[in-house]
Amino acid sequence: MLNDDNLDRIHKMVVLYSLQHLCIDDYIPVLTAVYTLYKNKKVDEEFMFTAIVQHLSIEVIKNYNNVHVQKVLNNVLPLLKEKAKQDNIKEILSGSIWKNLKTYYRESGVPMPWTCD
């Protein structure tokens with residue numbers, strides 16, 4: 001559905017949000033499809049970034065060391081125009097965001113967002 005040119009941005013965003021609870025092995029094809037759409041200028045940078053940071057899940061961040069996640073993020077990195085987003089991707093790739101999130105959720109007592117394990 002993300003590849004459907006008849007869907008407007010809002011409907012594609014609904015599709016994207018509905019897929020964010022997939023486990024990483026199932027979400028990688030989604031991430032790859034969004035990367036391809038972004039590279040072909042069919043979705044904007046904000047849409048691509050939303051697919052990566054997953055506002056409803058943290059599977060990409062948690063699986064920063066997955067070879068497929070690293071490949072997509074490294075491909076996206078030079079295409080991003082905003083330095084803040086580039087820096088965020090670099091922090092995901094380094095594992096620092098995952099480390100900080102684990103510490104935050106452990107120390108704060110706030111429930112961690114949904115993940116597959």
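My aim in this report is to walk through the structure given alongside it, one point at a time. Bear in mind the structure is a predicted one, so any value in this text is a computation, not a measurement.

1. So, the packing of aromatic side chains
Using the criterion set out here, one finds one aromatic pair in the structure. Seen in terms of ring centroids, tyrosine 104 and tyrosine 105 are 5.0 Å apart; in terms of plane orientation they differ by 70 degrees. Their pairing is edge-to-face. A relative accessible area of 16% places tyrosine 105 in the buried class.

2. Regarding the environment of tyrosine 64
Within the secondary structure, tyrosine 64 is located in the loop between helix 4 (59-62) and helix 5 (67-76). Residues tyrosine 64 and serine 96, 32 residues apart in the sequence, show an inter-C-alpha distance of 9.4 Å. Not counting chain neighbours up to four residues away, the residues in contact with tyrosine 64 comprise Val69, Gln70, Ile92, Leu93, Ser94, Gly95 and Trp98.

3. Some remarks on the pattern of salt bridges
Under the definition given, this model contains seven salt bridges. One salt bridge connects lysine 62 with glutamate 59, and the closest N-O pair in it is separated by 3.1 Å. With lysine 62 and glutamate 59 both in helix 4 and three residues apart, the pair spans about one turn of that helix. Across this residue pair, the class does not change: lysine 62 and glutamate 59 are buried.

4. Comments concerning the nonpolar core
Val34, Ile52 and Ile89 are the most contacted members of the largest nonpolar core, which has 37 residues in total. Not counting residues within four places of it along the chain, the set of residues in contact with isoleucine 89 comprises Phe49, Ile52, Leu73, Leu77 and Leu80.

Rules used in this analysis
- Residues numbered from 1 in each chain as written.
- Predicted model: local features only at pLDDT ≥ 70, side-chain atom pairs only at ≥ 80, totals over all residues.
- Heavy atoms only, no water.
- Phe/Tyr/Trp six-rings, centres within 6.5 Å; stacked < 30°, edge-to-face > 60°.
- Buried < 20%, exposed > 50% of the residue type's maximum accessible area, 1.4 Å probe, protein only.
- Helix = DSSP H or I, 4+ residues; strand = E, 2+ residues; numbered from the N terminus.
- Contact = heavy atoms within 4.5 Å.
- Salt bridge = Lys/Arg side-chain N within 4 Å of Asp/Glu carboxyl O.
- Core = buried A, V, L, I, M, F, W, Y, C linked by side-chain atoms within 4.5 Å.

All we've got here are geometric facts, nothing functional implied.
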